[in-house]
Amino acid sequence: MSTAPRRTAARPRPARRLRVLLPVLLAAAALALPVGCAAPGELRDHGAVTPATPSPARVPLWPGAPTASSPTPLEPTGSRSPEPAPQPVPDLVVPGQDVTAVDVRALLTKDPGVTQDERRVLEPCPGCELRAPEFRDLTGDGRPELLLAVGLADTVVLHVYTASGDRLLPIHRVSLLKGFGAETVGTDLWLYEPTGSFRTGRLYHWDGVRLVLADQKVEGIGPTQEPQPTPPTAEKPTVEKPPGTGPSAATGGGAGAGVVKPSAPSRPTSTPSAGSDAAVGKQPQPTPARPVTPTAMPLPETKP
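No experiment lies behind these values; they were computed from the predicted model shown.

Visitor: For the overall build of the chain, give the residues involved together with the corresponding values.
Guide: Summing up its helical and strand segments, the chain has three helices and 10 strands in all. Beginning at the N terminus, the succession of helices and strands in the chain can be written as α-β-α-α-β-β-β-β-β-β-β-β-β. The buried share among the 304 residues of the chain stands at 23%. Within the chain, residue pairs in contact and separated by at least 24 positions form 50% of the contacts whose partners lie at least 6 positions apart.

And the structure:
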């Protein structure tokens, strides 16, 4: 009995199977993605980026000035009575509303807040100093203010002016020790006065009318090294020998009997005369000892 060979079903090829499953996989992936998000690996747009604002830098004023030796007394903030609004400097016009074009000598002459001692810097004055003006924006309006330092014998008076139209307004005046430190941080004005191992700093800020004291702090700048005292050197005691002792003294008896040894030279009690050995710095030479020889005694004559 013959049997017919069985036919096995042909298996589908991998490529054909991939072509059949690919549309199904793409449709499932599309449904799985959230609405409004990009596919993995793609760039996303989050809108405009806010620009970063850098911190204001510290800019020193009169960097070549020396450091003060001690601070000035600080006036309590709440002890002062309300001051009137600053008045423009009379008979002075700001050319083109630009404080950099102000005549400094005319300003010192016409400002009622400038004392007679400060006006002495306009003439030859011993110990006086008129520093070059500085220009910084301290009111935040984008225009610079005028900072003027008038140095006297022991103090420096700092004046700050701002332009109001074509007029000049004094918005700050403070007396400091000569050699103070100053800098601006943005629109803030810092004044420093170090003393010993500490430094006192005062912050002045624009309040819409004038510069007012906003903060003060004391910072440590390191201990001051004081010189150490030198320990005294211990002196060795001097032992004095009685006269006539030592190797220079003459000895008697024994094997050296009959020989005179030279004694130590004594110090001269009078000033040596010119031309002598002591006057020219020479040491006197000891006299060599001579041996003592017995002298023959004459014999008495005998009569025959």
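Visitor: So what's going on with the sheet that holds strand β7 (residues 181–185)? Which residues, and what values?
Guide: Backbone-to-backbone hydrogen bonds join strands into a sheet, with any given pair of strands oriented parallel or antiparallel. Strand order in the open sheet formed by five strands is β1-β7-β8-β9-β10, with antiparallel pairing between adjacent strands. This sheet does not close on itself; its edge strands, each paired only once, are β1 (58–61) and β10 (211–220). Between one strand and the next, the sheet's axes are offset by a mean angle of 25 degrees, whatever the strand orientation. Bridge count between β7 and strand β8 (residues 188–195): five bridges; the pairing is antiparallel. Of the residues in β8, the one forming a bridge with V185 is D188.

Visitor: I'd like a description of the pattern of salt bridges, backed by residues and values.
Guide: Counted under the stated rule, the structure contains seven salt bridges. Taking the shortest distance from any N to any O, the salt bridge between R173 and E118 comes out at 2.9 Å. With R173 in strand β6 (residues 167–177) and E118 in helix α3 (residues 116–119), this residue pair connects regions lying 55 residues apart in the sequence. Here R173 falls in the partly exposed class, since its relative accessible area comes to 43%. The class for E118 is buried, based on a relative accessible area of 0%. Among the salt bridges present, the one from E193 reaches R202, with a minimum N-O distance of 3.2 Å.

Visitor: Can you break down the state of the cysteines residue by residue, with the values?
Guide: Covalent bonding between the sulfur atoms of two cysteines is what defines a disulfide. Taken as a whole and judged by the stated rule, the model has one disulfide. Two residues, C125 and C128, share a disulfide whose sulfurs are 1.9 Å apart. Judged by its relative accessible area of 15%, C125 falls in the buried class. For C128, a relative accessible area of 22% corresponds to the partly exposed category.

Visitor: Residues and numbers for the environment of G140, please.
Guide: Along the chain, the position of G140 falls in the loop between β3 (134–136) and β4 (145–151). For G140, a relative accessible area of 52% translates into the label exposed. Sequence-wise, G140 and D188 are 48 residues apart; in three dimensions their C-alpha atoms are separated by 9.5 Å.

Visitor: Please set out the packing of aromatic side chains residue by residue, giving values where relevant.
Guide: On inspection of all chains with the given rule, the structure shows one aromatic pair. Summarising the aromatic geometry, the rings of W190 and Y192 are spaced 5.8 Å apart at their centres and angled 5 degrees between planes, so their arrangement reads as stacked. We note that W190, like Y192, is buried. Directly above the aromatic system of W190 lies the positively charged group of K217, at a separation of 4.7 Å from the ring centroid.

Visitor: Describe the pairing of β6, listing the residues and the values that go with them.
Guide: Sheet topology note: the strand β5 (residues 155–164)/β6 ladder contains 10 bridges and is antiparallel. Within the sheet, the bridge partner assigned to Y161 lies in β6 and is P170. What sits between β5 and β6 in their antiparallel hairpin is a turn of two residues, with G165 showing a positive phi close to 70 degrees.

Visitor: Any details on the pairing of β8? Residues and values, ideally.
Guide: Of all eight residues that make up β8, seven are buried, and the element is covered over most of its length. Between β7 and β8, which pair antiparallel one after the other, the connecting turn spans two residues, and G186 there sits at a positive phi close to 70 degrees. Where β8 meets strand β9 (residues 198–206), seven bridges bridge the pair, whose relative direction is antiparallel. By the bridge assignment, E193 is partnered in β9 with T200.

Visitor: Got a sec to walk through the confidence of the model for the chain? Specific residues and values, please.
Guide: Looking at the chain as a whole, the pLDDT averages 73, with 54% of positions reaching at least 70. Below pLDDT 50 for its whole length, residues 248–260 participates in 10 contacts with residues either more than four positions away or in separate chains. Contacts from residues 270–281, a stretch scored under 50 in pLDDT, to residues over four places away or in other chains number five contacts.

Visitor: How would you explain the environment of E83 if you had to name every residue and give the values?
Guide: Positionally, E83 belongs in the loop between β1 and α2 (104–110). Residue E83 is classed as partly exposed on the basis of its relative accessible area, which comes to 44%. Each C-alpha atom of the pair E83 and R210 lies 10.0 Å from the other, and the pair is 127 residues apart in sequence.

Rules used throughout
- Sequence order as written defines the numbering, with residues in each chain counted from 1.
- Residue-level local features of this predicted model are given only where pLDDT is at least 70; pairs of side-chain atoms are given and counted only at 80 or more, and the full residue set underlies all totals for whole chains, interfaces and linings.
- Each side-chain value is worked out from all heavy atoms of the structure, with water and hydrogens disregarded.
- Labels follow the DSSP assignment, with helices taken as runs of H or I lasting at least four residues and strands as runs of E lasting at least two, numbered in each case from the N terminus.
- The buried label applies to any residue whose accessible area, calculated with a 1.4 Å probe on protein chains only, is under 20% of its type's maximum; exposed applies above 50%, and partly exposed to all values in between.
- For this analysis, residues touch if any pair of their heavy atoms sits within 4.5 Å.
- In this scheme, strands are said to pair when DSSP sees at least two bridges between them.
- Geometry is summarised by axes, namely lines fitted to C-alpha atoms with helices restricted to the contacting stretch, and by angles between N-to-C directions that run from 0 to 180 degrees.
- By convention in these notes, a salt bridge is any Lys or Arg side-chain nitrogen within 4 Å of a carboxyl oxygen on Asp or Glu.
- The rule for a disulfide is simple: a pair of cysteine sulfur atoms within 2.5 Å.
- Aromatic rings from Phe, Tyr and Trp, with only the six-membered ring used for Trp, were paired whenever their centres fell within 6.5 Å, and each pair was classed as stacked if the ring planes differed by under 30 degrees, edge-to-face if by over 60, and tilted otherwise.
- For a ring to carry a charge above it, either NZ of a lysine or CZ of an arginine must fall within 6 Å of the ring centroid while also lying within 35 degrees of the normal to the ring plane.
- pLDDT is a per-residue confidence score from the predictor, ranging from 0 to 100.

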